[in-house]
Amino acid sequence: YGRNVQLKLQESVSVMDFGLLGDGSDEGVKMQAAIDAVNASGGGTLRFPAGTYGTGTAQINWKSNVSAIFDACTIQSSVAVGVAHSVIDTTGASNWHWSGHVIIQNTNVGATLKCYGVTGVVSTFCSIESIHFQNLARGLEMDLWEDCTFRAISGSSIIGQLKSASDLISSVLIFNGCKRIVVDSVRAVGIAKPAVYFAVSTPALGIDNEDISIGQINSTSVLTAENLGIGLGIRSGNNITVGTVTHRGGYRAVAIQLESGDTALGFSLSNLTVGEVNANDVTGNSGSSGVYVNSEDGANRISKTTIGSINVDGASVWGAYFSDCDYLNIGAISAHNINAATSLEGVKFFSVKYSTVGNILVNKARTSGLRMDTCTTLAIDNVIVIDCNEANSGSDGVRTDSCVTCSISKVTVETTGAGNAHTRAVEVNSDTTMVLGNVVSIGGNASEVTFNLTAFTKKTYGGFYDTVAPTAGTWAAGDKVHNSAPAASTATDMGWVCTAAGAPGTWKGFGDISA
């Protein structure tokens, strides 16, 4: 039986049937005609054979019920640098699927490039199998998309509007007020802004991103004068899950931040889960940190964030920084080489409440290994700090300031060589109800390794360890310090006990050791 044109168009047809050649010439008008024809017939699938399909300066408007099969081809625009443009716009288009692999790019590049790959407002029930963006200002930007699935999204040289600090969403993948989106993987190379960014939608809408999951993000930043390369950036979101973030260079591996005024516009950040963060050489500028979680909006705090593990090797400021967060849950933090000229603490918590952290390991930090400031009910299991101030001999392994009802089960601070020593293993300042378990200090000397424990109402020690009795700090009668280097000699004590409170008080040896 014969088939009419409408039935044929509802099946898979080649764009070659509409006169496209795929030879790199400007075929934007013909491509739009092919999409319109399939849509007018009730929907179907367009096949793009291998080749390069030029669109010139035309914007391709995708339509509902039009799917595509890309046989490893390229769609290429040629708009001038500085001209705002989308290669493909999907506004209002729903129920479409792109299979195969396609590269979307622009021929002209520059610091003020404003050409975007795929954009659109209100698209639903869409899916993409494999897509790569290059030489663009943004890759895939979704405004109010819902119920979509993406398998593999990648981008390279996504550096548009590099000199514009306001254009923070020059990214490979951008969410604006989206819901129920699943992405398997995102790969970004040579980015100067976030690889994946959960942005705020049009302020009048005030719609958060919700119920979105990403399997893995792998990103590498390009080193530039204004390097804001970020693996994962979240400014608006609820119930967001990301499996793994692996990031090298740039500004931050993970940045979760509420900006001033966001809450008044109806935005919030809560119920965020990241399985694993790996950050390497995050030193793109003087503000770079491995993980940065902060609310600058006094009307709201970041709530219910869980991160399984954080590993940072090299950062300009902090290995990991958390501020104005409630119900934070972190399994483990490992921070190495946080000792640049601009570096501060290996890990810092500021105004964090009702939160738990498993293990913290800091290996070389310029100031303190761990600092807790103005925190409430923050419980940490185990802290190990090694050579906490290689470049600065005036800091502490662990420092706490103005904390309430906080606890650390065990602290170990070790100095491995000359020039690496800390001033104090632990310094507690103006805290209320700070509970410390075991404190072990290894290495250093009497002037470098002391305890300055002052002004907190409850002290619980599983034990302090040092090679000499304390010579500084405020101590209570009955406090004990165990000898960390006992020897078989009657002249060696097992430790020292404070017999009279003071600064440092009166200390007497106890427990002679047999020769």
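Residues numbered from 1 in each chain as written. Predicted model: local features only at pLDDT ≥ 70, side-chain atom pairs only at ≥ 80, totals over all residues. Heavy atoms only, no water.

Colleague: Can you help me understand the overall build of the protein in this one?
Modeller: Assigned secondary structure in the protein consists of 2 helices and 35 strands. Counting the 515 residues in the protein, one finds 55% classified as buried. Considering only intrachain contacts with a sequence separation of at least 6, the fraction spanning at least 24 residues in the protein is 67%. Looking at the protein as shown, the accessible area adds up to about 18,500 Å², and 51% of this sits on carbon and sulfur atoms. (Helix = DSSP H or I, 4+ residues; strand = E, 2+ residues; numbered from the N terminus. Buried < 20%, exposed > 50% of the residue type's maximum accessible area, 1.4 Å probe, protein only. Contact = heavy atoms within 4.5 Å. Areas by Shrake-Rupley, 256 points an atom, 1.4 Å probe, with all protein chains shown as cover.)

Colleague: Could you clarify how one ought to interpret the pattern of salt bridges in this entry?
Modeller: Pairing is possible between side chains that carry opposite charge, provided their charged atoms lie close to one another. Counted according to the given criterion, the structure contains 13 salt bridges. In this structure, Glu141 and Arg138 form a salt bridge, with 2.8 Å as the shortest nitrogen-oxygen distance. Take Glu141 and Arg138: they sit in the same class, and that class is buried. Linking Arg399 and Asp401 is a salt bridge whose minimum nitrogen-to-oxygen distance equals 3.0 Å. Classification of Arg399 as partly exposed rests on a relative accessible area of 25%. Here the salt bridges share partners, and the residues they tie into one network are Glu345, Arg371, Asp373, Arg399 and Asp401. (Salt bridge = Lys/Arg side-chain N within 4 Å of Asp/Glu carboxyl O.)

Colleague: Looking at this structure, how should I read the packing of aromatic side chains?
Modeller: Two numbers describe a pair of aromatic rings. These are the distance of the centres and the angle of the planes. In total, this model carries 13 aromatic pairs according to the counting rule given. Between Phe70 and Trp98, the ring centres sit 5.7 Å apart and the planes meet at 85°, which makes this aromatic pair edge-to-face. Of this pair, Phe70 sits in strand E6 (residues 66–77) while Trp98 sits in strand E8 (residues 96–106), placing them 28 residues apart in sequence. Of the residues examined, Phe70 reaches a relative accessible area of 3% and is grouped as buried. A relative accessible area of 1% places Trp98 in the buried class. Judged by centre distance (5.2 Å) and plane angle (15°), the ring pair of Tyr292 and Tyr321 falls under stacked. Of this pair, Tyr292 sits in strand E21 (residues 289–295) while Tyr321 sits in strand E23 (residues 320–338), and the two are 29 residues apart along the sequence. Assessed through its relative accessible area of 10%, Tyr292 is described here as buried. Joined through ring pairs, the aromatic side chains of Phe48, Tyr53, Trp62, Phe70, Trp96, Trp98, Trp145 and Phe150 make up one cluster. Sitting over the ring of Phe510, Lys480 keeps its end group 5.8 Å from the ring centre. (Phe/Tyr/Trp six-rings, centres within 6.5 Å; stacked < 30°, edge-to-face > 60°. Lys NZ or Arg CZ within 6 Å of the ring centre and 35° of its normal.)

Colleague: What's the story with the environment of Ser407 in this structure? I'm lost.
Modeller: By the secondary structure assignment, Ser407 is in strand E28 (residues 404–414). Sequence separation of Ser407 and Thr377 is 30 residues, and the distance between their C-alpha atoms is 7.7 Å. Other than its neighbours up to four places away in sequence, Ser407 contacts Leu378, Ala379, Ile380, Met434 and Val435.

Colleague: Whenever I open this one, the pairing of strand E15 (residues 194–199) confuses me. Can you help?
Modeller: The side chains of a regular strand alternate, residue by residue, between the two faces of the sheet. Counting buried residues along E15, 6 of its 6 residues qualify, which places the element largely inside the surrounding structure. In this sheet, E15 lies alongside strand E13 (residues 173–176) in parallel orientation, the contact comprising 4 bridges. Across the sheet, residue Ile174 finds its bridge partner in E15, namely Tyr197. (Pairing = 2+ DSSP bridges.)

Colleague: Whenever I open this one, helix H2 (residues 28–40) confuses me. Can you help?
Modeller: Three- or four-residue spacings in an α-helix give side chains the same orientation, since the helix completes a turn every 3.6 residues. For H2, built from 13 residues, the straight-helix expectation of 18 Å at 1.5 Å per residue is met to within 8% by its first-to-last C-alpha distance of 18 Å. Buried residues of H2: Gly28, Met31, Gln32, Ala34, Ile35 and Val38, and no others. With its buried residues spanning 155° around the axis, H2 presents them on a single face. Counted as exposed and oriented over 90 degrees from the buried face of H2: Val29 and Ala40. (Expected span 1.5 Å × (residues − 1). Arc of directions from axis to C-beta.)

Colleague: Sorry if this is basic, but what is going on with the pairing of strand E17 (residues 230–234) here?
Modeller: Burial analysis of E17 places 5 of its 5 residues in the buried class, which makes it a mostly covered element. Looking at chain direction, E15 and E17 are connected through 4 bridges and run parallel. Considered in E17, the bridge of Val196 is made with Leu232. Sheet topology note: the E17/strand E19 (residues 252–258) ladder contains 4 bridges and is parallel. If you follow Gly233 over to E19, its bridge partner there is Ala255.

Honestly, it's all geometry; don't read function into it.
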